[in-house]
Amino acid sequence: MPEGFKTLPAAFYRTQTGHEPVREWLKQMPAEDRKIVGDDIRDCEFAWPIGLPLCRPMSGTKGLWEVRSNLTGGRIARVLFVVNAGRIVLLHGFMKKSRKTPARELDLGVKRMKEVQRHG
């Protein structure tokens, strides 16, 4: 991780009812997995722009990115995010079970991204 200041600080997406879905998802994880995902997000904050293997843009969804985390036991986690107003907004987190990102996960990320882009 580079020394110095965060290039883009991360912020949690917040629903209109005040829920922070990614924070809530992270809190349900075992501590070891939570640390892995948190470290990966932190690496994005300090090293942005950063590409594979840690981050990649989601094809067909202009502006939507994913943080790619390899967890214990060979499991895979993804956090979808958008860069908006000088910060990384963490939109949606999920466990990946197949090669292709499920449409419902992608659709939720896109929906939240559009909301963030509309309202800042």
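Predicted model only: the values in this text are computed from it and were never measured. (Residues numbered from 1 in each chain as written. Predicted model: local features only at pLDDT ≥ 70, side-chain atom pairs only at ≥ 80, totals over all residues. Heavy atoms only, no water.)

Some points on the sheet that holds strand 3 (residues 64-70)
Reasoning step 1: Overall, mixed pairing links the five strands, which are arranged 1-5-4-3-2 in an open sheet. Where the open sheet ends on each side, the last strands, each with one partner, are strand 1 (10-12) and strand 2 (55-57). Between one strand axis and the next, the sheet turns by 35° as a mean value, whatever way the strands run.
Reasoning step 2: The sheet contacts of helix 2 (residues 31-47) involve strand 1, strand 2, strand 3, strand 4 (76-84) and strand 5 (87-96), and relative to strand 3 the element is tilted by about 135°.
Reasoning step 3: This element, helix 3 (residues 103-119), spans strand 3, strand 4 and strand 5 of the sheet and lies at about 165° to strand 5. (Pairing = 2+ DSSP bridges. Helix = DSSP H or I, 4+ residues; strand = E, 2+ residues; numbered from the N terminus. Axes fitted to C-alpha atoms, helices over the stretch in contact; angles between N-to-C directions. Contact = heavy atoms within 4.5 Å.)

Section: the side chain of threonine 61
Reasoning step 1: Secondary-structure assignment places threonine 61 in the loop between strand 2 and strand 3.
Reasoning step 2: The buried category is assigned to threonine 61, whose relative accessible area is 12%.
Reasoning step 3: Apart from residues no more than four positions distant in its own chain, threonine 61 is found in contact with Leu106 and Val110. (Buried < 20%, exposed > 50% of the residue type's maximum accessible area, 1.4 Å probe, protein only.)

A few points about the confidence of the model for the protein
Reasoning step 1: Across the protein, the average pLDDT comes to 93, with 96% of residues at 70 or higher.
Reasoning step 2: By mean pLDDT, the top-scoring element of the protein is helix 1 (residues 21-27) (98), and the lowest-scoring one is helix 3 (95). (pLDDT = per-residue confidence, 0-100.)

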